[in-house]
Amino acid sequence: MRSELYIDGKWTAAANGGTFDVVNPATEEVIHKIAAATAQDVDVAVKAARRAFDEDGWPKLSGAQRAKYLRAIADGIRARQAEIARLEVIDNGKPFPEADWDIADAAGCFDFYAGLAEQLDSNPEEPIALPDARFTSKAVKEPIGVAGAIIPWNYPLLMAAWTVAPALAAGCTVVLKPAEVTSLTALELAAVADEAGLPPGVLNIVTGSGSIAGQAIIDHKGVDKLAFTGSGPVGSKIMAAAARDIKRVSLELGGKSPFVVFDDADIDEAVEWIMFGIFWNQGQVCSATSRVLVQKGIYGRLLTRLVDETKKIKIGDGLEDGVLLGPLVSRRQHEQVVAAIEAATAAGATLACGGKRPEGFETGYYLEPTVLTEVPLESDAWREEIFGPVVCIRPFSTEEEAIALANDSRFGLAAAVMSKDDVRAERVASAFRAGIVWINCSQPTFTEAPWGGYKESGIGRELGRWGLENYLETKQITRLASGEKWGWYIK
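Residues numbered from 1 in each chain as written. Predicted model: local features only at pLDDT ≥ 70, side-chain atom pairs only at ≥ 80, totals over all residues. Heavy atoms only, no water.

**Considering the packing of helix 4 (residues 96–122) against helix 5 (residues 156–170)**
Definition in use: To define axes, lines are fitted to C-alpha atoms, for helices over the stretch in contact only, and angles between the resulting N-to-C directions are given on a 0 to 180 degree scale. The numbering of helices and of strands both runs from the N terminus, where a helix is a DSSP run of H or I of at least 4 residues and a strand a run of E of at least 2. Should an angle fall under 35 degrees it is called roughly parallel, over 145 degrees roughly antiparallel, and 65 to 115 degrees roughly perpendicular, with every other angle called oblique. Working rule for handedness: look at the near helix, and if it is turned counterclockwise from the far one by less than a right angle, call the crossing left-handed; if clockwise, right-handed. A contact between two residues is defined here by any heavy atoms of the two lying within 4.5 Å. Following the grouping adopted for this structure description, the nonpolar residues are Ala, Val, Leu, Ile, Met, Phe, Trp, Tyr, Cys and Pro, the charged ones are Asp, Glu, Lys and Arg, and the polar ones are all others, Gly among them.
It is at 9 Å that the axes of helix 4 and helix 5 come closest, and there the two elements cross at 10 degrees. The orientation of helix 4 with respect to helix 5, classified from their angle, is roughly parallel. In the crossing of helix 4 with helix 5, the sense of the turn from one axis to the other is right-handed. Across from Asp102, Ile103, Asp105, Ala106, Cys109, Phe110, Tyr113, Ala117 and Leu120 in helix 4, the residues of helix 5 making contact are Leu157, Leu158, Ala161, Trp162, Val164, Ala165, Pro166, Ala169 and Ala170. Taken together, the residues of the contact of helix 4 with helix 5 break down into 16 nonpolar, no polar and two charged.

**Remarks on the packing of aromatic side chains**
Going by this rule: Working definition: rings of Phe, Tyr and Trp (its six-membered ring) pair if their centres are within 6.5 Å, and the pair is stacked with planes under 30 degrees apart, edge-to-face with planes over 60 apart, and tilted otherwise. Between buried and exposed lies partly exposed: a residue is buried under 20% and exposed over 50% of the maximum accessible area for its type, with that area taken using a 1.4 Å probe on protein chains only. Lysine and arginine charges are scored as sitting over a ring when NZ or CZ, respectively, is within 6 Å of the ring centre and within 35 degrees of the ring normal.
Following the criterion strictly, the structure yields 13 aromatic pairs and no others. Look at Trp58 and Tyr69: their rings are 5.6 Å apart centre to centre, the planes differ by 55 degrees, and that puts the pair in the tilted class. Taken together, the positions of Trp58 in the loop between helix 1 (39–54) and helix 2 (63–79) and Tyr69 in helix 2 put the pair eleven residues apart, joining distant regions of the chain. For the pair Trp488 and Tyr489, a centre-to-centre distance of 6.1 Å together with 40 degrees between the ring planes defines the contact as tilted. For Trp488, a relative accessible area of 70% gives the class exposed. One aromatic cluster is present, formed by Trp101, Trp273, Phe276 and Trp280 through successive ring pairs. Here the basic side chain of Lys225 rests over the ring of Tyr471, its NZ or CZ set 5.0 Å away from the ring centre.

**Things to note about helix 11 (residues 331–346)**
Note the threshold: A helix is expected to span 1.5 Å multiplied by its residue count minus one.
For helix 11, which comprises 16 residues, the first-to-last C-alpha distance of 22 Å matches the rise-based estimate of 22 Å (1.5 Å per residue) to within 8%. Buried positions along helix 11 lie against strand 14 (350–353), strand 15 (370–373), helix 12 (380–383) and strand 16 (390–396). Note on helix 11: the residue one or two positions beyond its end, Gly348, has a positive phi of about 120 degrees.

**Here's the deal with the pattern of salt bridges**
Here is the rule: Salt bridge, as used here, is a side-chain nitrogen of Lys or Arg placed within 4 Å of a carboxyl oxygen of Asp or Glu.
Throughout the structure, instances matching the rule amount to 32 salt bridges. Of the charged contacts in the structure, one is a salt bridge between Arg134 and Asp132, with a shortest N-O distance of 2.9 Å. Salt bridges here are not isolated pairs; linked through shared partners, they connect Asp8, Lys10, Arg51 and Asp56.

**Some details on unusual backbone geometry**
For Asp8, which is not glycine, the phi dihedral falls at a positive 55 degrees. In this structure, Asp8 sits in the loop between strand 1 (5–7) and strand 2 (10–12). With relative accessibility at 17%, the residue Asp8 sits in the buried group. One non-glycine residue, Glu374, lies in the positive phi region at around 50 degrees. On the secondary structure map, Glu374 appears in the loop between strand 15 and helix 12. What makes Glu374 exposed here is its relative accessible area of 56%.

**Some points on helix 5**
Taking 1.5 Å per residue, 15 residues should reach 21 Å; helix 5 reaches 22 Å between its end C-alpha atoms and fits that length. Most of helix 5 is tucked away: 15 of the 15 residues are buried.

**Some points on a nonpolar patch on the surface**
This is how the line gets drawn: Like-charged residues within 9 Å of one another, or nonpolar side chains (Val, Leu, Ile, Met, Phe, Trp, Tyr) within 5 Å, are grouped into patches, provided each residue has over 30% relative accessible area and no salt bridge. All accessibility values rest on the Shrake-Rupley procedure with a 1.4 Å probe; residue burial counts only the protein chains present in the view.
Taken together, the side chains of Leu480, Trp486, Trp488, Tyr489 and Ile490 make up a nonpolar region of the molecular surface, amounting to roughly 740 Å² of accessible area. Tracing the chain through its elements places Ile490 in the segment after strand 22 (472–480). Residue Ile490 is classed as exposed on the basis of its relative accessible area, which comes to 68%.

**Comments concerning the packing of helix 9 (residues 267–279) against helix 10 (residues 296–311)**
In the contact formed by helix 9 and helix 10, the axes pass within 10 Å of each other and the chain directions differ by 55 degrees. Viewed along their axes, helix 9 and helix 10 adopt a mutual orientation that is oblique. The interaxial crossing formed by helix 9 with helix 10 has right-handed handedness. Residue-level inspection shows Ile267, Asp268, Ala270, Val271, Ile274, Met275 and Phe279 of helix 9 in contact with helix 10, the latter providing Ile298, Arg301, Leu302, Arg305, Leu306, Glu309 and Thr310.

Fair warning: the whole summary comes from geometry, so function is off the table for now.
Structure representation (structure tokens):
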């Protein structure tokens, strides 16, 4: 396991020698120590990224040349996939099959953006038709510059890939700060990039706290673009800080996503997708469909089946075979989710199942998967992101009521609808005020498709070509044709 900062192509201790503990959420044991970056370390990293962009020629490479590095990184991740997935488990707590899937997706993300980097070569400029024949004009895409990226702990390596891959493909250089509680695999990404021969300064990874290392990235005048994935309150602060220097910013923030199930849906299929939508990754998913609205005709039967199946979920250490629900990521997160459940029941919600530490798990940040019913519409449990394996379920009567309840939220990241009536499903999908909508499913995510939300769920889009555009500026170049005269002053 790596423990040092990766700056300018070298491994280095923090300037003040500071470290922080890595805790395995399944055992609560300290398993490693990692360098805690200071503002001085961040300054060195940003200056290295600045030099790599301004002087060393990373943005001047062809897209095909950058693509070779991206594919080498993808290959390096795949070569160590099982090893990196295991690190993800002991760092984050998720079951190994989920971690293995995430690592494979991260490699695929680098491959995908390698392809888009190559496409930049074939479409370097867009001609613009002008009304004055004396002039010609074109629009060209150029990399923004140095990108400062701050990523969350729920998908540690995958979120790094979502940011780093498009930024490098576009020709930007990067200073990345992973979440303090899940830094292990981001450092392995640095090792893979180093082995791939990525030039010094192109990718720098600084581990440490958000209040010190993260804030130093946000405030640094050498950073041209800020990319943040995390909570709404922190995103709001980053946006305000970025405004001081008019930095480019993209934010992927929280959600409280609805899942509308009509009474013509297959109950078994609906229960399967409801469970996947809220219990995958212990419910620590920004797009988790945590508000489930079920039409009254099947509400009772579906709820009974959902509770029965939820009780069967195998809980345990993510390295054990057959485990579907690992521990939450940290003590703090466990305490917050438990407090949210207690507040929900105090507000009048009914605990249909779960809500407590499972029997036989005296240590580890474990929590039973939880189903809440009769949740008051104005309660925090219904309106605020819990970010744990907690689903709120309530009945509805009409399509209009379901849409109104679904959209009554300050968030707008994702939404899902389930119905055998394709016309109705499409109609409801169009009515959702959300950036990501699923029909007859929940949570499938593809690198090729845009990802991001409406309202307080963020600004901008990740993934697909939209993710690449996050790191590109558009420049107009207009030319007066040779021999033509303008004649405004000199005749």
